[in-house]
Structure formats: C-alpha cells, structure tokens
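A structural walkthrough
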Number of protein chains: 4
Amino acid sequence: MDSRPTPADASPWLPFENRRRARDEKRDAVLRVAVQLFLEQGYHRATLNDVAERLNITKPALYNYFRSKDEILYACWSLGRELVDDAIAAIDAGGGPGLARLRKLVHAYAELMATDFGASLVRFDPRDLTEAHRRIVRAAKKKIDRSFRDYIAAGIADGSVRRCDPKLSAFAIAGSLNWIGHWYQRDGASSPAEIADEFTLRLTEGIAATPDKPARGGPKTKTARKASAPGKQGRKPPRGGTG
Amino acid sequence: MDSRPTPADASPWLPFENRRRARDEKRDAVLRVAVQLFLEQGYHRATLNDVAERLNITKPALYNYFRSKDEILYACWSLGRELVDDAIAAIDAGGGPGLARLRKLVHAYAELMATDFGASLVRFDPRDLTEAHRRIVRAAKKKIDRSFRDYIAAGIADGSVRRCDPKLSAFAIAGSLNWIGHWYQRDGASSPAEIADEFTLRLTEGIAATPDKPARGGPKTKTARKASAPGKQGRKPPRGGTG
Amino acid sequence: MDSRPTPADASPWLPFENRRRARDEKRDAVLRVAVQLFLEQGYHRATLNDVAERLNITKPALYNYFRSKDEILYACWSLGRELVDDAIAAIDAGGGPGLARLRKLVHAYAELMATDFGASLVRFDPRDLTEAHRRIVRAAKKKIDRSFRDYIAAGIADGSVRRCDPKLSAFAIAGSLNWIGHWYQRDGASSPAEIADEFTLRLTEGIAATPDKPARGGPKTKTARKASAPGKQGRKPPRGGTG
Amino acid sequence: MDSRPTPADASPWLPFENRRRARDEKRDAVLRVAVQLFLEQGYHRATLNDVAERLNITKPALYNYFRSKDEILYACWSLGRELVDDAIAAIDAGGGPGLARLRKLVHAYAELMATDFGASLVRFDPRDLTEAHRRIVRAAKKKIDRSFRDYIAAGIADGSVRRCDPKLSAFAIAGSLNWIGHWYQRDGASSPAEIADEFTLRLTEGIAATPDKPARGGPKTKTARKASAPGKQGRKPPRGGTG
DNA sequence: GATGAATGAGTGTTCATTCAT
DNA sequence: GATGAATGAACACTCATTCAT
C-alpha cells in the first residue's frame, strides 16, 4: 500500500504509463502535488526534490514547466484566485438581493477554503513571491474584499441587511472564513459542504435584517445534511477555532 | 532617519552604553527583536544574523540565551501565550454572566492580536518547533478555544446568549480574531483599542440574547473613541479582510 | 612540483578531462582521497572542503555520493574490512595446520596495515561513527580477533603450536600488527612485503612448536629480499616502535 | 549518587571545600580530569567546557593554568612521559643482564599503559600539538624505543637474549604494549598487574636465550596471581586484540 | 523533454579564546 | 583568581538553480 496522500496515478509521469499527455496536464500535475506539499509541510520545508519525487520525475524536470520555486507558488495561488473570481462572477451574474449574494459568496468561499488551491490564498506567504507577483496578490485580495463589502452595502440599500459598517463586517466575515483555510482537514469531522452551510448561516445571521429566518441553508447544497435540525447544536468544526 | 522598526535604544548592547543590565533583560531584548523580525520577514527568511545585527551583537552571542533558533521561536510564542492565559485567568476570576465574560475575552484577545507576541500565537508555524514544543502549543490552543466555548455555553445557560452551537460560534469568533494577527499593522488606520472595541461589538451582537443592546462598548476602553456613532461607518481596518 | 600525496590524475574530475566516468568510479575516488586525507591529517582536522578540493570539485558535490562525513569515514573503514575478510576467507578455504594458517593471516594482515584502507581499521575512531555503524565495527573486530585465536587453538590441537593461552597470544600478535597501521609510512625504509615477512617470522616464532625452524619467510613473497641474512640485523622499520 | 567517572572530590574547587589549595594542585586536577575526558571522548569531541564542568569551575578559569587546549593535551602527555622516563631511569640504575632489564621495562610499560597518563602516550595524536611540542614528543618516543633496543642488544651481548634484530624485536614488543593503551579498560577482566605479568612473559619468551625458563614473573609483582599455572590458559585480556 | 551531476550562496551551530569586571 | 559574556573562525549540511549530455 502506498500511504502517500496523492495516489500515484495522479502523476502523468508514472513509469510504464503513457508519457505523452499534454504539457498542460503535466504542469497541472506539478501544481496539484506542489500545493499539497506546500500546505502539508510549509513552503520552506518542502523542497523541489520532494515535489519531483512525488511526481516520479527529477528535480530539474520541474524547470521545464516553471522558472523557479516561487513561480510554482504563485501558480498555485493563481489557481485558487481563479476559483474565487469565478464564484464572484457567477454571483454577480445571478443578481438578487444583497444578503442573498453575500450568502452565496460566503458559502462558495467557505467551500473553497477547504480545497488545496483555495487554502493557498490564505496560507501562502506573499513575501515568498517576487515583488511583481506580490502586487498582483495584493490587488486580487483587495478585489475579493471589495465584493464582500459591496454585497453588504447592497443589502443595506435594498433592506436585506441591517445597517452596519460594511467594511468592518466584511472584515469580520472574511476573517472567519479565511481561518477555515488554516484549520480545515480533509479527514475532519465536518465536510466542506457542512462547514459552508454552517458558516453561511452563522456569519450572516448577525447582520441579516430579519434575524434568524434565512431559508436555512441559503445556497442549497446537495450535501447530505445528516439529520441536524435547524437551531440545534449539530455542526462540528474539527478543531479549535484558535488554529 | 533610522528606518529600522525598533528604535536602536531598545538594545541593551548598544555600544557605549552601560552594558551591565541584567541577563533577563538581555534575553527579553533578544525576544523583542526576534519576534519583530520573525513577523516582519517570516521565520525562515529571518536569519539569526539579522537578529544579532539589530542587537549590535554577533550571532553566536545569541546562544548564550537560547539553544537554537526554534527555541527562540518557541520563547516568543510562549510569551504570547502567557498574555492570553493571564487575560483568561483575570476574566475567570471576575465572574459575571457568560456574555460579559465572552466580551471581555474577545476584547482582550483582539488587543493582543495587535501586539507582536500576541500575533506570534497565530502567525508562527508550529511545524517549525520541536515535537515537544509543538505538543505544548497544541494543548495551549485547545485551552484557549475551550474558554471561548465555555463562556458561550455559560451565556446560554444564564440566558445572556442565544441558543447556538458553542463550538461553532466560538470557532467563528476566534477565527475572526485570529485573522487580526495577520492584517494588523502598527501604522494602520485603527488603533488596537478601536479594533478591539469594534470586534467586541460585532462578533457578539449576533449571538447576544437581546440583540443590538449591548451596553455598547462592552468592556470599556479608555480609547479615545473618535466620534463614531454606532451604526455609522467609522472603524477602519487598514486592509482588506482577506488578508 | 606537486607535493600532494595523490597524483592529480587520481581524480576523475580533473579539469579538461573526460568527465563521463562511471558513478562508482567517482565514489571510489572520493574514498581514496578521503581515506588518505583522514589518515594524513586526522578525521577532525580534515574538512570536506579539503577532500573536495583534492578532487577538483566542490564540497556539496560530495553529497551526491555520501550522506554525511561520517558515512564517508564508515565507507573507508568498510573497504578495509572487506580486505581482511577476504584474506580470512581465503585462508579458511585453504586449510592446513593451525600454525600455517596463522602465519598466512599475520602476513596478510601486516601487508594490509600498510595500505590506506587497511590502516583505516585501526586508526579511525569508532566514536566518530553513528551508533549503528559503531556496532558493526565492533562486531567485525571481534570476528577478526576470533580468527587469530582459532588458528592458534587449531595449531595447539594439531601440534603445530606450543601450548599457550590462545586469547592472550592472539592479543599480543594482533596488537603488534595493528601498531603497524600507526607507524607505517609509504616512504619508509621497509616495504610492506618486507615488513610482513619479518613480522610473520617474529610474531610466530615464540609460539611455534618447533622454535626457530619455520620455512623462513612463511607465506613466500616475491619481495626482493635485499640481502639480509637471517639472524643478522637487516630489517628496518622506519620509526621507533613506540609510535 | 554521582555516576561520573571521577569522584567529585577529585576537584579542588568543590563547593563547600577549602578553596585554598596550592596552585599546582589545581593544575594537576585539571590534568587528571582532562586526560580522562580526552581518553573517554577523544580530544576533539571533549570540549573545555566539559573539562571545566567536571571541575566545578568555568571554562575561562582553565586559562589560569594553561594557555590553550593543546597545551593541556601536551601536559597530559608530558606527565605520561615522565612516568616512563622514571621507569627507564630506575631500570638503568639497577643494572643486570639485558633480558632482565628488558623484562622490567616491558612490565613497567605495560602497567603504565593501563593508566590514564600512560595511555596518553599512545592515544593522543601529536598532530594536535604545536610543532614545537610535536618535536619533543617525537624525540621522547625515539628515546623510549632506544631503551627497548638497547636492552635487547645488551641481552644479545651478554647471552641472555637470542640473536635477533634488536630494532625489529623492539618494534614488535613495543607495538604489542602500545596497543594495551587502546584496549585496556578499568573494569575489564584483568588487572593491570596481571596484564603486565602476562605480557612480560609472552613478549620475551620468544627471544629469550633459554626459552620457557624465565624465572616466571620476571619483575615480581605483589599481584594476587589468581592460581594460574604457567603455560595454562589463564590470563584474560578484556577485549579482542584488534582493538 | 529529461537527467545526473555539479555549484554557490547561505544557515544554524560549535568552540577555543578573549576581556571587562 | 574567577566569571559572564562575547566573538571570530570554522564547518557540515541544504537547496534552488544550471548545464552538458
């Protein structure tokens, strides 16, 4: 048995396997493995050798796809960013009252935080990037923050959200969500969908105009909601909230 | 102008200065500089040479006070932990309804997150520590988390807090607070006290039994609350909530 | 003039030379240079830089072949051990009376002590090795000692050796031989073969059953025995016997 | 209980003890501890801190008695040398046939090899000394070797020793003896006196003019010779002769 | 496209030695 | 005489990166 987190067949370089998959596929494989390793061991402790080893290739081969270690880091982050951007774009496209949109974002963001690339967004240290990339990261984060605030402001305007400071509220909500990226573990007690459901409810009930009466579950998930009556204590985030 | 964050006179080794301060004072100076540097540049990028240089000593001199780099890291973290423990002890000693205690904790914790040693608690990576220290860290974090939950549970019992899942709520609150350690900057728009006041209000209003009517300001701070009417947009967290 | 003991062409890394020799050849070259340097300067005084320099490579390149300095030390020792083991195996395979086998061993061992890898066996300090390797070393030494004793015991049994304490006699003989590793120098007055001949004679005459009548020269060497009549003072160990 | 090899009271700096002993006494104490540590751990692994610690003093205090670490090493060696010189002087003063004197030397030398300062002579590496000291060491060793050869030559002249090559014989004998310094352990099976007796017998029986008839025991020791008939297997050197 | 081999720059750590007190 | 503190010089080891093949 192979106890490595990534099943060996995730690597397009597997020996005895067709080695002619598209370049992009290989690039993606590098990122999948890298993001995992970076999260698992931390960027500085994880060596390119580790990455290469898990891919059944050698270290210099990585340089066919990336120019440097920090470029890999950036690419990981970038993939995570795309996910958030897509989510935001979809929500924006959907329209609806501010509170609904906020809830959709919270839900999507929470789920993303439970993915490798999503967690990249908050667990990687921008100081490991080049200045150029660092600037891009800063801008992207600002944009995401903007969305939170905009939805809240819109909600206030359309009456779905109580009067409050959008900046600060966005801030508190995002902080809570970001933290998920630090504690979530695949083998934890709660599934990403469950966590997302709960956080959607909890993080918005405080600012909803009509407290306590969201349609419970907001953006529906196909999640098997394992018999937890609303209002009852049921959700179980795996570890302590202090990280 | 000296652009270094620590004013030079923070070092007991300053040339031409009285070198006879106590050993503990020097040890503390090392920690003050180290925690700063670790936060500023990240643990791995900050070298012991950097630390020593800022103290006007040489690298090996550090080994008079600490046995290894990771021991310095642990000592920094340890100091932060003491601060939290003291705060919790004081609150426990004070008694009062669950909600009041929760607010005190939120307030104290938020303020701590704006200090170097406080931020250590959430910004240092336990994987940089020895296994022994890592275990201590884990236990301490669990204990802090416990306090959040206990206060909430007590609040529910005494009627000061609405029925909710203590675990999850503690989780959301602590997540939001921890995040402060990641974005707070000394030169930001809001003072630690202001941030603490706001977070105390916002993070607990959602679960208070009688929403919207906290005595506004919870644990009073002597903070000059610069004319910001409740409900109006006044608080200014420096950067986006997405870290 | 190049005063270095190893002629430059011993290095497969010589500049402007074909660099494509086999990996094992390079590994061996490292060992050849390392053992030399370790004997010459002592393990602690010899740095990996020294080793690398003599090989026209850089220090980290050594890590392609060995994981640590002490692993190099062990590998040197290990090569020496193989030589002894082979000699013993050959003698065991050959059979013959105890005394004859003892003489063969003394002869072979003496000659080995005059080689770099042979001297490793007695000049390297096992305390520089890891515990695991140290155990192997101890076991190997015990096994060699065993052979000396067994041959003596066999000799007593078959009448070729006088009655004596095999343990102690083996001890005295081996001690004398081991010491060769400490004083022998390539540029000394006696060749390894000469030394081996003499020691074979002297160290066994005391315990031979029929004193004074070994076939003079025991295991014949093709050594040019430079006109030294038996009984006359001819052999010239380079330096004093006190090391 | 104190498990350290040297009883604590060997240190003139022991707390609560009269601290006013003579300077030389302290110097000697340093040497006693140093030689022990150097033999125990090896010169390079033993730090001056280790030495100081065992003496209940601090590292710089050592510099009151010695100018450098290698001077301590030399002083240890020097003490050992005195012991041998004294023995030789006594033997020379005593006169007697060559064989008798040789046996006295072998006996005395063997016993010395079982002492810390005696072992210094053969276990310390002269390359750790300054060039000046190294020269002294070389000269001293030559002189000792000279004595062995002289006694043998005298023995041949007076008929007590069989015709042989004095140089080589001295060499083999001394080698065997030196090796004792490498394997002797205080807690071994044989006492120094027993070892000395045995080696005196064995190492000279081969070259005695009338083999097998030494007055058994040569230079008498008061050693309790635990019932071991001559010629029978009785002596038990603790470990293998291969070091 | 991939690799084996090599490197340069750096990092924590050790330790004999010095010096002001 | 003794110490606490500091230092300089080294050293083993790591790792991202390069390059000839």
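The rules behind the values
- Residues numbered from 1 in each chain as written.
- Chains lettered and ligands numbered in written order.
- Predicted model: local features only at pLDDT ≥ 70, side-chain atom pairs only at ≥ 80, totals over all residues.
- Heavy atoms only, no water.
- Helix = DSSP H or I, 4+ residues; strand = E, 2+ residues; numbered from the N terminus.
- Buried < 20%, exposed > 50% of the residue type's maximum accessible area, 1.4 Å probe, protein only.
- Contact = heavy atoms within 4.5 Å.
- Areas by Shrake-Rupley, 256 points an atom, 1.4 Å probe, with all protein chains shown as cover.
- Phe/Tyr/Trp six-rings, centres within 6.5 Å; stacked < 30°, edge-to-face > 60°.
- Axes fitted to C-alpha atoms, helices over the stretch in contact; angles between N-to-C directions.
- Left-handed = near helix turned anticlockwise from the far one by under 90°.
- Nonpolar A, V, L, I, M, F, W, Y, C, P; charged D, E, K, R; others polar.
- Parallel < 35°, antiparallel > 145°, perpendicular 65-115°, else oblique.
- pLDDT = per-residue confidence, 0-100.
- Expected span 1.5 Å × (residues − 1).
- Core = buried A, V, L, I, M, F, W, Y, C linked by side-chain atoms within 4.5 Å.
- Polar contact = N/O pair within 3.5 Å; in protein donor to acceptor, adjacent residues only side chain to side chain.
- Salt bridge = Lys/Arg side-chain N within 4 Å of Asp/Glu carboxyl O.

1. Some words on the overall build of chain A
A count of helical and extended segments in chain A gives nine helices and zero strands. If you list the helices and strands of chain A from N to C, you get α-α-α-α-α-α-α-α-α. Split into buried and exposed, the 243 residues of chain A put 53% on the buried side. Counted over contacts in chain A with a minimum sequence separation of 6, partners at least 24 positions apart contribute 67%. Here chain A has roughly 11,100 Å² of accessible surface; of this, 52% comes from carbon and sulfur atoms.

2. Notes on the packing of aromatic side chains
Taken as a whole, this structure holds 30 aromatic pairs over all chains when the rule is applied. A centroid spacing of 5.7 Å and a plane angle of 80° characterise the contact between Tyr109 of chain B and Phe148 of chain B, whose relative ring orientation is edge-to-face. You can see Tyr109 of chain B sitting in helix α4 (residues 98-113) and its partner Phe148 of chain B sitting in helix α6 (residues 131-158), a full 39 residues away along the chain. With a relative accessible area of 2%, Tyr109 of chain B lands in the buried category. With a relative accessible area of 0%, Phe148 of chain B lands in the buried category. Residues Phe199 of chain C and Phe171 of chain D carry aromatic rings whose centres are separated by 6.3 Å and whose planes lie at 80° to one another, so their mutual orientation is edge-to-face.

3. Focus: the packing of α4 of chain B against helix α8 (residues 192-205) of chain B
All names here are of chain B. Packing of α4 against α8 leaves a shortest axis separation of 8 Å and a crossing angle of 145°. The way α4 lies across α8 gives a crossing that is right-handed. Contact residues: Leu99, Leu102, Arg103, Val106, His107, Ala110 and Glu111 in α4; Pro192, Ala193, Ala196, Asp197, Phe199, Thr200, Leu203 and Thr204 in α8. Considering only residue class, the contact of α4 with α8 consists of nine nonpolar, three polar and three charged.

4. Observations concerning the packing of helix α6 (residues 116-123) of chain A against helix α8 (residues 166-183) of chain A
Residues and elements named next belong to chain A. Two numbers describe how α6 lies on α8: the axes approach to 9 Å, and their chain directions differ by 110°. Between α6 and α8, the angle is such that the two are roughly perpendicular. As for how α6 packs across α8, the hand of that crossing is left-handed. Every residue of α8 that contacts α6 at Ala119, Val122 and Arg123 is listed here: Asn178, Gly181 and His182.

5. Points about the environment of Phe199 of chain B
Locating Phe199 of chain B in the fold gives a position in helix α8. C-alpha of Phe199 of chain B to C-alpha of Leu177 of chain B: the two residues are 22 residues apart in sequence and 7.8 Å apart in space. Dropping the residues within four chain positions of it, Phe199 of chain B is found in contact with Leu168, Phe171 and Ala172 of chain A together with Val106, Ser176, Leu177, Ile180, Trp183 and Thr204 of chain B.

6. Focus: the confidence of the model for chain A
Atom-level detail of predicted coordinates should not be read off regions where pLDDT is low. Residue and element names in this part refer to chain A. Here chain A shows a mean pLDDT of 83. Residues at 70 or above account for 77%. Counting contacts from residues 1-8, a segment whose pLDDT is below 50, to residues more than four positions away or on other chains yields nine contacts. Segment residues 212-241: pLDDT under 50, and 56 contacts once partners within four positions in sequence are set aside and those in other chains are kept.

7. Some details on helix α5 (residues 98-113) of chain C
Residue and element names in this part refer to chain C. In a regular helix each residue adds 1.5 Å, so 16 residues correspond to 22 Å; α5 covers 22 Å between its end C-alpha atoms and thus fits that length. Counting buried residues along α5, twelve of its 16 residues qualify, which places the element largely inside the surrounding structure. All of the buried residues in α5 are Gly98, Leu99, Arg101, Leu102, Arg103, Leu105, Val106, His107, Tyr109, Ala110, Leu112 and Met113. Each element contacted by the buried residues of α5 is listed here: α4 (69-94), α6 (116-123), α7 (131-158), α8 (166-183) and α9 (192-205).

8. Considering the nonpolar core
Counting 138 residues, the largest nonpolar core has Phe148, Leu177 and Phe199 of chain A together with Phe148, Leu177 and Phe199 of chain B as the members making the most contacts within it. Ranked by the residues each element gives to this core, the list is headed by helix α7 (residues 166-183) of chain B, at ten residues. Of all hydrophobic cores here, the second largest spans 137 residues; its members include Leu129, Trp179 and Ala208 of chain C together with Phe199 of chain D.

9. Remarks on the side chain of Thr204 of chain D
Residue and element names in this part refer to chain D. Note that Thr204 resides in helix α8 (residues 192-205). Looking at Thr204, its side chain comes within polar contact range of the side chain of Arg103, at 3.0 Å. Looking at Thr204, its side chain comes within polar contact range of the main-chain oxygen of Thr200, at 2.6 Å. Among residues more than four places away in sequence, those in contact with Thr204 are Leu99, Leu102, Arg103, Val106 and Phe199.

10. A short note on helix α1 (residues 23-41) of chain B
Residue and element names in this part refer to chain B. Spanning 19 residues, α1 covers 27 Å between terminal C-alpha atoms, matching the ideal 27 Å at 1.5 Å per step. Residues of α1 that are buried: Lys26, Ala29, Val30, Leu31, Val33, Ala34, Val35, Gln36, Leu37, Phe38 and Leu39. Those residues of α1 hidden inside the fold are in contact with α2 (48-54), α3 (69-94) and α5 (116-123).

11. Considering the pattern of salt bridges
Oppositely charged side chains can pair when the atoms bearing their charge come close. Residue and element names in this part refer to chain C. Taken as a whole and judged by the stated rule, the model has 64 salt bridges over all chains. The partner of Lys143 in a salt bridge is Asp85, and the shortest N-O contact between them spans 3.4 Å. With Lys143 in helix α7 and Asp85 in helix α4, the pair connects residues that are 58 residues apart, well separated along the chain. The partner of Arg146 in a salt bridge is Asp150, and the shortest N-O contact between them spans 3.6 Å. Remark: Asp150 and Arg146 occur in helix α7; sequence separation between them is four residues, near one turn of the helix. Here Arg146 falls in the partly exposed class, since its relative accessible area comes to 45%.

12. A word on unusual backbone geometry
Residue and element names in this part refer to chain A. A positive phi is found at Asn56, a non-glycine position, where the angle reads about 60°. Note that Asn56 resides in the loop between α2 (48-54) and α3 (59-62). Overall, Asn56 belongs to the partly exposed group, its relative accessible area being 35%.

13. Overview of the side chain of Ser147 of chain C
Residues and elements named next belong to chain C. Mapped onto the fold, Ser147 is located in helix α7. The class of Ser147 is buried, set by a relative accessible area of 8%. Discounting residues that sit within four places of it in the chain, Ser147 has contacts with Ile88 and Leu105.

14. Here's the deal with the environment of Tyr184 of chain D
Residues and elements named next belong to chain D. Here Tyr184 shows up in the loop between α7 (166-183) and α8. On the basis of relative accessibility, which here comes to 14%, the residue Tyr184 falls in the buried class. Separated by eleven residues in the primary sequence, Tyr184 and Ile195 place their C-alpha atoms 9.3 Å from one another. Excluding anything up to four places from it in sequence, Tyr184 contacts Ala114, Ser190, Pro192 and Ile195.

15. Remarks on the environment of Ile195 of chain D
Residues and elements named next belong to chain D. Residue placement: Ile195 occurs in helix α8. Between the C-alpha atoms of Ile195 and Ala114, which are 81 residues apart in sequence, the distance is 8.9 Å. When neighbours within four sequence positions are excluded, Ile195 is seen to be in contact with Ile180, Trp183, Tyr184 and Ser190.

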